[in-house]
Every structure is written in C-alpha cells, then in structure tokens.
Amino acid sequence: MSVLEKVRPGRPATAVAREPRVTDEHGRRVRAGELVWRYLLLLAVLALTVGPFLWQLSTSLKGPTEDIYGSPPRFLPGHPTLHNYARVADTIPVWDYALNSLKVATANVVTNCAGSALAGYALARLRYRGRRVTTLVFVLAMLVPVEGIVIAQFTTMRELGLNNTLIGVVLPGAIGAMNVLLMRNAFRNLPYEIEEAAYVDGANVWQRFLRVALPSVKGTLAVVAIFAFMGAWDDFLWPLIVLSDPSKFTLTIGLNYLHGTFANDERLVAAGTVIAVAPLIALFACLQRYFFRGVGEGAVKG
C-alpha cells in the first residue's frame, strides 16, 4: 500500500510529512532566511564579546619561543604552558592585590545588598511624605558622572581620616543608586495581597520585609550582587586616587605595573588579565540561575 493510500479520506496528503516549524515568542513562524540571519548576528556578537578574552587566554598560554605577532595570527598555542602565570606572581604580589580586591568587592556586595534592599523596600512599600521626591533624587544621582564628584569624595575621605585605607575605597560605592532602583522595582511588582495576609497574621514591618518580601526577590538580589562585585573588582580610578601604600593596592592597580615595566611582554600582561577576570566568571557561573530570574522578578500579579 502506498503512502497516499494510508492517508485518511478528506485529509490532505501534505499533512503526512510536514516540516517542523520554528516559531518566535509570539508563536509566529520564522522563515529559514530570517533564522539564518539571526544566528549569524548572534555569532558575530559572540565573537565581539568573547573573542578578546579567548585571545588573551591563548596569549597567556604561549611560550617565549612562539611568535604572537605573526601574520596570519595563530590562535591556538603550539606548546601550552602555565609559566606566564608563575611569572606574574614573581613580578608583583598578585595574590596580595587579589586579596585586597576581594575584601573591597565583598564589602561592596554586602553593603549594596543590605542597603539597596532596605532603601528599595522603603521606596516601594512604605507610605511617608516626600517618597516621590526621594525616588527622584536617586534617579538624578545616576545622571551625575563619577569624574564630577571624585574630588569631593577624595576631600571627604581625607577629612574623615580614611585616606589610604580600604574602607575609603569601599565607602563611596557602598550603596549604588541603580541598585536601589532595581530593588524598588522588584518590591513594587510583588502582589500586595501577600503582605496584607502577613499583616493580618500580626507581622510587623520588619517581619514582612525579612520573611515575605525579601525571599521573593532573590533574583534581583543576585543581580545587585553581581553588579556590585563587578563594579568594585574592576574599579581603577578611585582606588588609584585614594590609595598610596603599595601594600594596600587592589588588583587593577597592581596589574598596571605589568603594563609599565613589561610593556613588550604581552604574555605576562595577558596572564595577569586572565587572573583578574577569573573571579568574575566564577561568580557569574554560581549566580547565573538567580541572575536570569531577576530579569522578570515579581512579574506575577495577584
């Protein structure tokens, strides 16, 4: 019996072997040409974002006998070696600098998560006079460039006696305006009925904040933690201004010695760059589940 004879009467023969359809988020069919262009665009963006890091990683693994300036360039190292990473530790106290950066970044994460959560909850849930003005102040604070207030910050740290200390590095970025607004939006999108039920059960404002609202915005807290860690770990200008003791330098300042003293040894610079980027990759790998949840945090309506 042929395939056409197996088809039930009244059913078109083309329905037997129908090609799988690719649809977008709205359920509309995506044509093959459009799908190819989308993947090509994604590959181009991937090459622009991940390509430089992969090139630095490849350069850091190349030995002294390999030509890193050859044409055409050779991406994969012929004889991979970790000797460049050992040379970085021999040239500068890279682990001491990394420990200082870790202290600053950890303190920045704690202060931003705690302060932004408290401020965001107050802006979103509490009723008091001047709440809209306070929100506007946080929005305007985001428009002020860091270079415009760095002198005032340095003068303040000097008057407080915190100049040339790690506390002086942490304090100006302890609570970011952007993080406060992120937490405010997350708390505002939570259904009011949840807190009203807790209020009926006798929960006060602190209990509603700690036991009801805060566990519901873990995704946004992860976003704030990642942003705070990255901002503190990658910051170069402010630690360079406020710190003068080499023993208290952060990693970004310490790696600057590799560029100045060994400008011709790109292998050493690349190894230091990979050491600086590795903690950020590890942090994002640990929190990526909560990070992507934070994009649509609190979108459920009651």
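Description of the structure in this document. (Residues numbered from 1 in each chain as written. Predicted model: local features only at pLDDT ≥ 70, side-chain atom pairs only at ≥ 80, totals over all residues. Heavy atoms only, no water.)

1. Topic: the overall build of the protein
- Scanning the protein from terminus to terminus reveals 15 helices and zero strands.
- The buried share of the protein, taken over its 302 residues, is 34%.
- A separation threshold of at least 6 residues defines the contact pool for the protein, and within that pool the share at least 24 residues apart is 70%.
- With an accessible surface of roughly 19100 Å², the protein has 64% of that area assigned to carbon and sulfur atoms. (Helix = DSSP H or I, 4+ residues; strand = E, 2+ residues; numbered from the N terminus. Buried < 20%, exposed > 50% of the residue type's maximum accessible area, 1.4 Å probe, protein only. Contact = heavy atoms within 4.5 Å. Areas by Shrake-Rupley, 256 points an atom, 1.4 Å probe, with all protein chains shown as cover.)

2. Remarks on the side chain of Asn 84
- Along the chain, Asn 84 falls in helix 3 (residues 83–91).
- Leave out the neighbours within four places in its chain, and Asn 84 touches Thr 59, Ser 60, Leu 61, Lys 62, Arg 267, Leu 268 and Ala 271.

3. Brief notes about the pattern of salt bridges
- Summed over the entire model, instances satisfying the criterion amount to two salt bridges.
- The partner of Glu 195 in a salt bridge is Arg 125, and the shortest N-O contact between them spans 2.8 Å. Residue Glu 195 is located in helix 9 (residues 192–200), and its partner Arg 125 is located in helix 4 (residues 94–125); the two are separated by 70 residues in the primary sequence.
- Classification of Glu 195 as buried rests on a relative accessible area of 9%.
- A salt bridge links Glu 195 to Arg 208, with the nearest nitrogen and oxygen atoms 3.7 Å apart. (Salt bridge = Lys/Arg side-chain N within 4 Å of Asp/Glu carboxyl O.)

4. Notes on the packing of aromatic side chains
- Tallying each qualifying case throughout the model produces seven aromatic pairs.
- Look at Phe 229 and Trp 233: their rings are 5.6 Å apart centre to centre, the planes differ by 15°, and that puts the pair in the stacked class. Here Phe 229 pairs with Trp 233, and both are found in helix 11 (residues 218–234), just four residues apart, close to one helical turn.
- Judged by relative accessible area, which is 9%, Phe 229 ranks as buried.
- The exposure class of Trp 233 is buried, given its relative accessible area of 5%.
- Following the ring pairs from residue to residue traces out a cluster consisting of Tyr 121, Phe 187, Trp 206 and Phe 209.
- When the ring centre of Trp 55 is taken as reference, the NZ or CZ atom of Lys 62 above it lies at 4.9 Å. (Phe/Tyr/Trp six-rings, centres within 6.5 Å; stacked < 30°, edge-to-face > 60°. Lys NZ or Arg CZ within 6 Å of the ring centre and 35° of its normal.)

5. Observations concerning the environment of Val 94
- Tracing the backbone shows Val 94 in helix 4.
- The class for Val 94 is buried, based on a relative accessible area of 1%.
- With 178 residues separating them in the primary sequence, Val 94 and Gly 272 have C-alpha atoms 8.3 Å apart.

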